[in-house]
Structure formats: structure tokens, C-alpha cells
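Here is what each chain is made of, one letter per residue.
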Amino acid sequence: MTYQNYSLKQLQQIDAAHHLHPFTDHKELREAGSRIITRAEGPYIYDSEGNEILDGMAGLWCVNVGYGRNELAEAAYRQMKELPYYNSFFKCSTPTPVLLAKRLAELAPKSVNQVFFGSSGSEANDTALRLVRHYWALEGKPEKNRIISRRNAYHGSTVAGTSLGGMEPMHKQLGGAVPNIVHVMMPYAYELALPGESDHEFGLRAAKAVEDAIVEAGPEKVAAFIGEPIMGAGGVKIPPMSYWPEVERICRKYDVLLMLDEVITGYGRTGEWFAAQSFGIEPDTITTAKALTSGYQPLSALLVGDRIARTLVEKGGEFYHGYTYAGHPVACAVALANLDIIEREGLVDRVKNDTGPYFAQALRERIADHRLVGEVRSFGLMGAIEIVRDKATRERFEGEGRAAVVVRDHAIASGLMLRATGDTMILSPPLIWTRETIDLACDRIVKALDLAEKDLFG
Ligand code: PMP
């Protein structure tokens, strides 16, 4: 029996009876019932009632090539028939992860040439954490195991991902994090810059917080610093251009490894293959997932720099870590076909030279002046809109996140899927968006803001 035999009401009832959703207040969801998305094509998703919604979030920051790509389905089908699964443990390999690893090494910054596969961003960050600690142990410095991260960072939902991340409500529910992880300030000028402080100066000050944490612990105790080049789930927080080169300089000065979490920013979103290239830095690890397959299959790739790889190979000894689905043949076949599409259609260049700048201009010219908007910002095809009660003072509405949810609900009802985190509206559309799609999205955002203004101010 297929789902078409069920009514929306029936599906919602079954959903409520049996399905626990991620990051959800289950009491609230049961009262409201979930929206059921049944199909998608190009930049649009369709719900069970036939509503067409422009997907401003590319699924969950992942469907970079858009929906309905037959060649990805065909790549999966061919691979499933030929070899649906074999592991890469016990000195075995299969062809597609081998070829994908080579391809990723070619795309990554030049000192990054090895790949460890998993199925999700969270898993890849678990691998990254274990790998950097293993690296220092192999180097004869097992006490060099502290990791510095940032408040409000998101690095996944496993125990290690939650511990690396800086989200307080998540920490509270964890009841005991992985030890030796500390969090410093985030590079978020809109809320944290001092009066009169320039963006450039603020970026250097936020980087100095990393240095202070290294010095406080003692550099001989610090393994690595981890950060999202642009914080995603924490609210598309874009650091000043002074931040990352300074963080890199500090890491090198104290011999601390630099780990980037590019689960969102990887594969074209910032107008380069990786944001490391956008910010001109050479990290020791790059966590990637999501757009690696454009979400058509679950797959993550931890890209590992030469320094760590050299020690692994030279010192030897088993790294006791790995997942059943590491290097899954079908997921890797889909990733290869997905990278073909991104390359063939020139999507990375298009974000850099055409749609990225157009998106920034559209947000500035059409959204920024609205009464509810405190700030707009974007980088490539990642954008944020801050919702405020008072533009001049940046005062927020009462009840954190309440106003943004009002805007979001109007946006969805107007045919645009976007997300609210706290009082920030977030956009992360598929890279296939054109200037026309950006115009259409802006029409719908303006409509949602106007309707929300009426609700919020009466
Ligand atoms: N890191 C970052 C930066 C992310 O945005 C996410 C997911 N949104 C993750 C890690 C975790 O990835 P996953 O949900 O695939 O485990």
C-alpha cells in the first residue's frame, strides 16, 4: 500500500501515534499536526494538499542541486544493482569511495588530501574529535587534548557533536559532556561589537578570545580549535573578514590544529567549493556532509590534512574507529554524480559571480528598510534577516523567537519555506536559484514581513 491511499488527516494521526521527530516539542507537534511534504521538483516542494512552496532552505541546507535530478536516482539504481553494499573494513575497498576520495582531494585546499567517510555531519565530527586526539597521542603528547569551540556553535546531535557545539539548551539535556571542550565568544558583530568598534577590529577581538583560551589552558594542553566558517544553525553569523586569517595565525603560533565544520558551507554555498577558500585559510580537518550528495543519500566526508595523515601513516597503530556505512558504495556513487552536476552547471561560479551578489543586493534593497528588520546579511547563498521591534535601538520583541515565528508562518503561507532561529530568519536556498527565483523569494518575504508587522504592532 502506498501513502496515496491515506488522507492527510490519517497520515498526521499515524505520525503522531508513532513518529518522534528531531528537535521537536512533541506535545506541541501533536496538537498542531505535521505538514507532510510529498514530492519536489527543481526549487519547489509540494505538500499533501498540493501547495507549492519555494524551498528557501534547500531541505535542511543540503539540496544544493535542487530536486528531481534523475541522474542521481539513476546513479543510485545502477550502483544498487551492481554492488549495493560492501564495507571498507578489513583491508577492503569498493570503487566509488575510492574515486570520490580522489575527487574531494582535488577540490579541497591543497594541503588536504585524505578522506574518512561517515553517514552524517554529526558522525564526521565524532571522527574529527577522535582523530585529532589520536593524532596528538601518536605525536607523544596525549595531554594535548583540549578542544576550543564557540558558544552557540552547532556541530551535530551525537554526544560528541553536542559537546563540541555551544548550544546551552542541548548541553543541559546532555547531563555530562565529553570532557575537555571549552567555548569562547562567537564572531557576531551585530550583537557583540562594542560601540564605535569597526567590523575589522571586532573580528580581531573575537579571534583574540581563541588565543586567550589557548594561553589560559597552556598551549601544551590544547589540541585544536573547531568552528563553522559561517555559523549556520546558530543564525547565519558571518564573521568579519579579519577573523579567520587571525584565528589561523593564532593556531599556527601555538601549534594548535585548525578544524573547520563545513557541513553547511561546503560544496559551493559560499561561492567556492569550500569556505576555507573563501576566507583564504588552510585547515587541518574539514567536516563535510549534506550537499556532498545534495541530500539524495546520507553521506559525510571528513577531509583530513596532510599533517595529520602523515602521522597516521608514519607512526601506524590502529585507529579504533569506524562506521558500518563508511564509504557506502551507493551514497558515494550519488555524491560523484552530484559533483558532476555542480561542476557541469558551473553552480559554484554562479554563486560567486552572479546569484550571490544579486542575493545580497536584493536583501539590501528590498528587505533591509522594512520596519521589522534590524539587519540583513549574506555570504554566497546563505542569508539572514534580524527581526527587531525597534530598528534604531535594535530592541527585540518580547519572548525570544516569537516574532520570527510569526514571520516564518506568514512566509510559508505565502509560498516560501524559510527558517527562524531565535529572532533571526534564515535562508539557504538551492544553488540552482536564478535572479528570478531570488526576486520571487523577496516578493514573498516582503509580503510575510508586512503581514507580520500588522500582527505584531496591531
Ligand atoms: N555541523 C554543522 C555545521 C551542521 O549544520 C550540522 C547539521 N545541521 C551538523 C554538523 C550535523 O550534521 P547531521 O545532522 O548530518 O548529523
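Computed from a predicted structure; not experimentally measured.

For the rest of this paragraph, the subject is the overall build of the chain. Helices and strands together make up the secondary structure of the chain, namely 17 helices and 15 strands. Relative to the compact-globule value of 23 Å for 458 residues, the chain shows a C-alpha radius of gyration of 22 Å, a close match. Reported as C-alpha extents along the three principal axes, the dimensions of the chain are approximately 65 × 60 × 45 Å. Here the chain holds 458 residues, and 48% of them are scored as buried. Nonlocal contacts in the chain, meaning residues at least 24 apart in sequence, comprise 72% of its contacts between residues at least 6 apart.

Further remarks concern the packing of helix H10 (residues 199-217) against helix H11 (residues 243-253). Contact pair H10 / H11: the axes reach a minimum separation of 8 Å and the direction vectors enclose 20 degrees. Considered as vectors, H10 and H11 are oriented roughly parallel to each other. Classified by chirality, the crossing of H11 by H10 is right-handed. In contact with Gly 203, Leu 204, Ala 206, Ala 207, Val 210, Glu 211 and Ile 214 of H10, H11 contributes Tyr 243, Glu 246, Val 247 and Ile 250. For the contact of H10 with H11, a count of residues per class yields 8 nonpolar, 1 polar and 2 charged.

How big an interface is tends to be reported as the loss of accessible area on association of its parts. Once the domains are mapped, the chain shows domain 1 (35-65 + 346-457) and domain 2 (71-344). Domain 1 and domain 2 are separated by 27 Å when their C-alpha centres are compared. Tallying the contact residues gives 26 residues for domain 1 and 22 residues for domain 2. Breaking the side of domain 1 that touches domain 2 down by element, the ones donating at least two residues are helix H3 (58-61), helix H15 (347-367), strand E11 (373-379), strand E12 (382-387) and strand E15 (424-427). If one sorts the elements of the side of domain 1 that touches domain 2 by residue count, H15 sits on top with 5 residues. In terms of residue class, the side of domain 1 that touches domain 2 is made up of 13 nonpolar, 9 polar and 4 charged.

Here the focus is the nonpolar core. By size, the foremost hydrophobic cluster in this structure holds 129 residues, and its most contacted members are Val 132, Phe 225, Val 334 and Val 407. Tallying contributions element by element places helix H14 (residues 329-344) first for this core, with 9 residues. Structurally, this core is a two-domain feature, drawing no fewer than three residues from each of domain 1 (35-65 + 346-457) and domain 2 (71-344). Beyond its immediate sequence surroundings of up to four residues, Val 334 is in contact with Leu 72, Ala 75, Ala 76, Thr 293, Tyr 296 and Gln 297.

The next subject is the site of the ligand. Near the ligand, the surroundings consist of 14 residues, among which Ser 120, Gly 121, Ser 122, Gly 156 and Val 263 are the closest. Sort the elements by how many residues they give to the shell around the ligand and helix H6 (residues 121-138) lands first, with 3 residues. Of the residues in the shell around the ligand, the class split is 5 nonpolar, 7 polar and 2 charged.

Our focus in this paragraph is H10. The terminal C-alpha atoms of H10, which comprises 19 residues, lie 28 Å apart, in line with the 27 Å expected from a rise of 1.5 Å per residue. Residues Phe 202, Gly 203, Arg 205, Ala 206, Ala 207, Val 210, Glu 211, Ala 213 and Ile 214 constitute the buried set of H10. Each element contacted by the buried residues of H10 is listed here: strand E5 (146-150), strand E6 (181-184), helix H9 (189-192), strand E7 (222-227) and H11. At the exit of H10 stands Gly 218, carrying a positive phi of roughly 95 degrees.

Before going further, it helps to examine the sheet that holds strand E1 (residues 37-41). An order of E1-E2-E3-E13 is seen for the 4 strands of this open sheet, with the pairing classed as mixed. Taken across any chain shown, the strands that pair with only one partner, and hence form the sheet edges, are E1 and strand E13 (416-417). Looking at chain direction, E1 and strand E2 (residues 44-47) are connected through 4 bridges and run antiparallel. Each bridged residue has a counterpart across the sheet, and for Glu 41 the counterpart in E2 is Tyr 44.

Conventions we followed
Residues numbered from 1 in each chain as written. Predicted model: local features only at pLDDT ≥ 70, side-chain atom pairs only at ≥ 80, totals over all residues. Helix = DSSP H or I, 4+ residues; strand = E, 2+ residues; numbered from the N terminus. Rg over C-alpha atoms; globule rule 2.2 N^0.38 Å. Buried ≥ 20, exposed ≤ 12 C-beta atoms within 10 Å, placed from the backbone. Contact = placed C-beta atoms within 7 Å. Axes fitted to C-alpha atoms, helices over the stretch in contact; angles between N-to-C directions. Parallel < 35°, antiparallel > 145°, perpendicular 65-115°, else oblique. Left-handed = near helix turned anticlockwise from the far one by under 90°. Nonpolar A, V, L, I, M, F, W, Y, C, P; charged D, E, K, R; others polar. Domains from an automatic or database assignment. Core = buried A, V, L, I, M, F, W, Y, C linked by C-beta atoms within 7 Å. Near = placed C-beta within 6 Å. Expected span 1.5 Å × (residues − 1). Pairing = 2+ DSSP bridges.

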